[in-house]
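Residues per chain, in single letters:
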Amino acid sequence: MCGRYSASRPPDLTEETYAARVVDEPPPPSWNVAPTDPVSVVVDRGEGRELRTLRWGLIPSWADDPRIASRLINARAETVAEKPAFRSALVRRRCLVPADGWYEWRQKRPHFISRAEPIAFAGLYERNGETRTFTIVTTEAAPDVAYLHDRMPVVLPPDVWDEWLDPANDDAAALCGLLLPQTGFAAYEVSTAVNDVRRDGPELLAPVTEETLF
């Protein structure tokens, strides 16, 4: 499960980190990205990597009701090649979702999970009319974060970014082979302020200490 994450890099740094040129007007940095928010994702439609602004929560091209997006913020790696909502996007419309890290809750206490290296979630995107949306692929949690949740977003290492984004790659089995849990993450407790989607700012990533608990 990935229901909230942080994407606070400014557009110029995101452009440099992911070797992608900004195409759409980028949304402002956010330390509390929530479903339906517009965010920057990296796509390659055959003309090199581009930073496009899409909304989180997939609306398949065939869907009549946009409210389906709230149920499609994540796609399970184990079934992504089979589910009607995702299987076409898997072989034709893949993206990277730049992030600083993501939040998980344990006993109603939020934790932030991250690492020093740039993070790129595996994503799928769709277009429904003029609306462009995406979903984040999840997998079984790695041992270092499984105590927080049994699922985690698929974080793609940089050496497979080109393979994942390649618009000519339609090998579903090979693509699914990239959707593996990664290790090397650290987690720490943060303030419950992140529970409110209206709250935003770098203070949300501040570790909770014994002094701030009481």
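What comes next concerns the included structure. (Residues numbered from 1 in each chain as written. Predicted model: local features only at pLDDT ≥ 70, side-chain atom pairs only at ≥ 80, totals over all residues. Heavy atoms only, no water.)

**Some thoughts on the overall build of the protein chain**
(1) Moving on: Secondary structure assignment for the protein chain yields five helices and 11 strands.
(2) Moving on: Computed over C-alpha atoms, the radius of gyration of the protein chain comes to 16 Å, within 12% of the 17 Å expected from 2.2 N^0.38 for 214 residues, which places it in the range of a compact globule.
(3) Moving on: For the protein chain, the proportion of its 214 residues judged to be buried stands at 50%.
(4) Moving on: Expressed as a percentage of contacts within the protein chain between residues at least 6 apart in sequence, the contacts between residues at least 24 apart total 68%.
(5) Moving on: A total accessible area of about 10500 Å² is found for the protein chain, and carbon and sulfur atoms account for 51% of it.
(6) Moving on: Of the charged side chains in the protein chain, 24 are positive and 33 negative; the average position of the first set lies 6 Å away from that of the second. (Helix = DSSP H or I, 4+ residues; strand = E, 2+ residues; numbered from the N terminus. Rg over C-alpha atoms; globule rule 2.2 N^0.38 Å. Buried < 20%, exposed > 50% of the residue type's maximum accessible area, 1.4 Å probe, protein only. Contact = heavy atoms within 4.5 Å. Areas by Shrake-Rupley, 256 points an atom, 1.4 Å probe, with all protein chains shown as cover. Lys, Arg positive; Asp, Glu negative; His and termini not counted. Charge placed at Lys NZ, Arg CZ, Asp CG, Glu CD.)

**Quick notes on unusual backbone geometry**
Leaving glycine out, the prevailing phi sign among residues is negative, and the prevailing peptide bond configuration is trans.
(1) Moving on: Of note in this structure, Ala19 is not a glycine but carries a positive phi near 50°.
(2) Moving on: Located in the positive-phi region is Thr36, a residue other than glycine, with phi close to 80°.
(3) Moving on: Tracing the sequence through the fold places Thr36 in the loop between strand S3 (30–33) and strand S4 (38–44).
(4) Moving on: A relative accessible area of 49% places Thr36 in the partly exposed class.

**Some remarks on the pattern of salt bridges**
(1) Moving on: Taken as a whole and assessed by the stated rule, the structure comprises 14 salt bridges.
(2) Moving on: The partner of Glu78 in a salt bridge is Arg151, with the nearest N and O atoms 2.9 Å apart. Highlighted residues: Glu78 in the loop between strand S6 (74–76) and helix H2 (87–92) and Arg151 in strand S10 (residues 151–153), separated in sequence by 73 residues.
(3) Moving on: Under the relative-accessibility criterion, Glu78 is labelled partly exposed at 42%.
(4) Moving on: On the accessibility criterion, Arg151 (9% relative accessible area) is buried.
(5) Moving on: We note a salt bridge from Asp196 to Arg198, for which the minimum N-O separation is 3.0 Å.
(6) Moving on: By relative accessible area, Asp196 is classed as partly exposed at 24%.
(7) Moving on: Overlapping salt bridges bring together Arg21, Asp24, Arg45, Glu50, Arg52 and Arg132 as one network. (Salt bridge = Lys/Arg side-chain N within 4 Å of Asp/Glu carboxyl O.)

**Quick word on the environment of Ala89**
(1) Moving on: Within the element layout of this structure, Ala89 appears in helix H2.
(2) Moving on: Among the residues examined, Ala89 registers a relative accessible area of 0% and is labelled buried.
(3) Moving on: Sequence spacing of Ala89 and Pro60 is 29 residues, and the spatial spacing of their C-alpha atoms is 8.7 Å.
(4) Moving on: In contact with Ala89, not counting residues within four places along its chain, are Arg94, Leu124, Tyr125 and Glu126.

**Here we look at the nonpolar core**
(1) Moving on: Residues Phe86, Leu96, Leu124, Leu156, Trp164 and Leu179 are the most contacted members of the largest nonpolar core, which totals 31 residues.
(2) Moving on: Leaving out residues up to four positions away in the same chain, Phe86 has contacts with Leu58, Leu72, Asn74, Ala75, Val80, Leu124 and Thr135.
(3) Moving on: Cys95, Ile119, Phe121 and Ile136 belong to the second-largest nonpolar core, a separate cluster that totals 26 residues. (Core = buried A, V, L, I, M, F, W, Y, C linked by side-chain atoms within 4.5 Å.)

**What to know about a negative patch on the surface**
(1) Moving on: A cluster of acidic residues, Glu163, Asp166, Asp170 and Asp171, forms a negative patch at the surface.
(2) Moving on: A relative accessible area of 56% places Asp170 in the exposed class. (Patch = residues over 30% accessible without salt bridge, like charges linked within 9 Å, V, L, I, M, F, W, Y side chains within 5 Å.)

**Regarding the pairing of strand S7 (residues 94–106)**
(1) Moving on: S7 sits mainly inside the fold: 11 of its 13 residues count as buried.
(2) Moving on: Sheet topology places strand S1 (residues 5–7) next to S7; two bridges connect them, and they run antiparallel. By the bridge assignment, Ser6 is partnered in S7 with Gly101.
(3) Moving on: Bridge count for S7 against strand S8 (residues 109–128) is 12 bridges, and the pairing is antiparallel. Following the sheet pairing, Arg106 is matched in S8 by Arg109. (Pairing = 2+ DSSP bridges.)

**Here's the deal with the packing of aromatic side chains**
(1) Moving on: According to the stated counting rule, one finds nine aromatic pairs in the structure shown.
(2) Moving on: Between Tyr5 and Trp56 the ring centres are 5.2 Å apart and the planes differ by 70°, which places this aromatic pair in the edge-to-face class. Residue Tyr5 is found in strand S1, and its partner Trp56 is found in strand S5 (residues 49–56); the two are separated by 51 residues along the sequence. Here Tyr5 and Trp56 have matching classes, each one buried.
(3) Moving on: A connected cluster of aromatic rings, assembled from ring pairs, spans Tyr5, Trp56, Trp102, Phe121, Phe134 and Phe185.
(4) Moving on: In this structure, Arg94 is placed above the aromatic ring of Trp164, and the distance from its NZ or CZ to the ring centre is 5.7 Å. (Phe/Tyr/Trp six-rings, centres within 6.5 Å; stacked < 30°, edge-to-face > 60°. Lys NZ or Arg CZ within 6 Å of the ring centre and 35° of its normal.)

Such coordinate-based values are descriptive only and should not be taken to indicate function.
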